[in-house]
Structure formats: C-alpha cells, structure tokens
Amino acid sequence: MSTLTLSTGAPKRIGFVSTRFHGTDGVTLEAEKWAQILTQQGHSCFWMAGLLDTPPETSYCAPLAFFRHPEVLAVQDKLFGATTRPRETTNQIQFLKERLKDEIYHFIEKFGIEVLIPQNILAIPMHVPLGLAMTEVMAESGLPTIAHHHDFFWERERFTPSAVNDYLQAAFPPSLPRIEHVVINSMGQRELARRFGLPATVVPNIHDFETPPPDLDDYNADLRREIGLGEDDLFVLQPTRVVARKGIEHAIELVRQLEEPRAKLVISHPAGTKVTIT
C-alpha cells in the first residue's frame, strides 16, 4: 500500500491512534496537520488515544492507551534498565495488551475505520502493550496502515538496556504485508533499513507558511516581557525540547552568523524552566 492511495479513489475513513492527541507536543501537532490535509482531500478522520482534545463526535477515548496511566506506568517501570523480566511482568504486559486490543477493535467498529495511522506508538516503546496491541490488530484485521514514526527507541538512551528486546523486534516497528512506514527524516529512513530491512517514505514535519500567525490577544500580548525580550529584539524561535537530537547547535550557529545583537534564540520546550540563549 502507498500513501498515494489516499489521494486517489474513493474517500476513506481514517483512524489516527496514539497515546495522546492533546496539547502542543510534536506528534499531536503533526497528526493534526495530516488530518487537515486528508480532510481537504475528502477523507474522514477519527481519533483514538488515552488523552484527547479532539472533537468528541470523531473521538474514542481509551484511558488505558495513555502512557501515563497508572497501570501502564507500573509495567513500563520494569522494562528498561535490565536485560531480563519476570514471568509476572510478561503476564502483565499481555493482560494490558488484550484489553487495548479490545479498545482498538471498538474504535474501528464504531467509526467504520478503513485505514489506520498509528502515530509513533510503533516506534518508541513508551507504551509497550499498546504497540503490541496495535501490531496484532493490524495482523489480524489486514487493514491498510500508514505507520507514522517520529522517533525510535534506539535514539533514546533510557531504552537501553532492555528487558523487552523480543517485543521491540516484533512491534517497534512491525514488518507486516499491508503497512507502509513513514519517517520524518532521512536518518530515520536509513536506520530503519539498516536495523530492520524495512523501506520507509520520508515525510518531513511541515509548517504552513501561507497561513499568517494569529494576532496578539490578552493571553499572548505580554509574551516578550514574560520571557525577558525587549520590544526591539528579534525573536528567533526553535519550537522543540532541549535534547541533543533536536540539533539545537544549528540554531545557535545560525543566530551567531546573523551578527545581530538584538537576535535572541528562544527554545520553546526545555526540560525544566524557560531557556533563552543570547
């Protein structure tokens, strides 16, 4: 199956699935952009996650799908930092997986889903039972699937060592007949081919430059003052978290090359408090 099938033929009923579609995290924002484009093409988009702020009439909330659900956290805490797992942990994973499979099938049946788009849940093992559940539903249902991968487990040190290498090989990501893998950069494409022998299409994260930014309002009017910028400062924004793989060094070098003392680099999502680099 190719993503081209979504731009030709009859409109499809498309199901986005993740741990959350809520707030301003990167996965949520990019999924919303995909949905907007697909809707413009005539498709119908629906949402399943453990935490949602999507339209209620097109949404299916399954609290157990949220990666911070207490039952999920209790299992996840046992999976990394070791190389073996007790049988009881395996049983817990399988118990959660079966419950999540029921939720995914209910979502598919409720909205008549014809195409699945799992968002990052088959790439990064923040919710191992959900990734396993999604993989088994895909294998059993045969539904065409576009797996959108934003970042992989090998890009995060906290996922090594692992007591679930068997599950990582099976479902993060899976190799199935009717699945197309989409990554956000060529590095992910190369590593997916090298590690799993899987081809992938590169669809970079996007920004709609033709749509002007919203006007100032009561909420954002004091933003400059709140983050320590003057009215004449040049606001250079990197809308990411402070992690090495986000390439923050390139933004710093860009501001340096501007040779403009008013240029201030602001990183929107640091690990702790706000960070401004001048």
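So, here's what we can say about the structure. (Residues numbered from 1 in each chain as written. Predicted model: local features only at pLDDT ≥ 70, side-chain atom pairs only at ≥ 80, totals over all residues. Heavy atoms only, no water.)

**Examining the overall build of the protein chain**
Each helix and strand in the protein chain was counted, giving eight helices and 12 strands. Taking 19 Å as the expected radius of gyration for a compact globule of 278 residues, we find that the protein chain reaches 20 Å, a close match to that expectation. The principal-axis extents of the C-alpha atoms in the protein chain amount to approximately 60 × 50 × 35 Å. In the protein chain, buried positions account for 44% of the 278 residues. Long-range pairs, those at least 24 residues apart, make up 72% of the contacts in the protein chain with a sequence separation of at least 6. (Helix = DSSP H or I, 4+ residues; strand = E, 2+ residues; numbered from the N terminus. Rg over C-alpha atoms; globule rule 2.2 N^0.38 Å. Buried < 20%, exposed > 50% of the residue type's maximum accessible area, 1.4 Å probe, protein only. Contact = heavy atoms within 4.5 Å.)

**Observations concerning the pairing of strand β11 (residues 263-269)**
Within β11, five of the seven residues are buried, leaving the element largely enclosed by the surrounding structure. Note that strand β10 (residues 234-241) and β11 share six bridges and pair parallel. The residue bridging Q238 from the neighbouring strand is I267, located in β11. (Pairing = 2+ DSSP bridges.)

**Here's the deal with unusual backbone geometry**
Looking along the chain, the bond that leaves T160 and enters P161 is cis, with omega of -5°. In this fold, P161 is placed in the loop between β7 (145-149) and α5 (165-171).

**Some thoughts on the side chain of D151**
Checked against the element boundaries, D151 lands in the loop between β7 and α5. Looking at D151, the relative accessible area reads 7%, which means it is buried. Within the structure, the side chain of D151 is placed 2.8 Å from the side chain of N120, a separation counted as a polar contact. (Polar contact = N/O pair within 3.5 Å; in protein donor to acceptor, adjacent residues only side chain to side chain.)

**Here we look at helix α8 (residues 248-258)**
All of the buried residues in α8 are I248, A251 and V255. Within α8, the buried residues cover an arc of 60° as seen down the axis, which keeps them to one side. Of the exposed residues in α8, the ones pointing more than 90 degrees away from its buried face are H250, R256 and Q257. Contacts from the buried residues of α8 go to β10 and β11. Just past α8, the residue E259 takes up positive phi, approximately 50°. (Arc of directions from axis to C-beta.)

**Observations concerning helix α6 (residues 186-196)**
Where α6 is concerned, the buried positions are G188, L192 and F196. Looking straight down α6, one finds its buried side chains confined to an arc of 35°; they lie on one side. Looking at α6, the residues exposed on the side facing more than 90 degrees away from the buried face are R190 and R194. Buried positions along α6 lie against β7, α5 and β8 (179-183). N-cap assignment for α6: the residue whose side-chain oxygen lies 3.3 Å from the backbone N of M187 is N185. In the stretch just after α6, G197 is the one whose phi turns positive, near 70°.

**Let's talk about the packing of helix α3 (residues 87-111) against helix α4 (residues 128-141)**
The axes of two packed helices give the description: the angle between them and the distance between them. Their axes nearest at 8 Å, the elements α3 and α4 cross at an angle of 50°. Between α3 and α4, the interaxial angle falls into the category oblique. Along this stretch, α3 crosses α4, giving a crossing that reads as right-handed. Contacts from I93, L96, K97, E98, L100, K101, I104, Y105 and I108 in α3 reach V128, P129, L130, L132, A133, M134, E136, V137, E140 and S141 in α4. (Axes fitted to C-alpha atoms, helices over the stretch in contact; angles between N-to-C directions. Parallel < 35°, antiparallel > 145°, perpendicular 65-115°, else oblique. Left-handed = near helix turned anticlockwise from the far one by under 90°.)

**Some words on the nonpolar core**
Counting residues in each nonpolar core, the largest one holds 48 residues, and the members touching the most others are I93, I104, F107, L116, V128, M134 and L192. When residues of this core are traced back to their parent elements, those giving at least two are β3 (44-49), α2 (70-76), α3, α4, α5, β8 and α6. The contact partners of L116, leaving out residues within four places of it in the chain, are G15, V17, I108, M134, M138, L143, P144, T145 and I146. Core analysis: the next-biggest nonpolar cluster, separate from the first, contains 16 residues, I14, F21, A31 and C45 among them. (Core = buried A, V, L, I, M, F, W, Y, C linked by side-chain atoms within 4.5 Å.)

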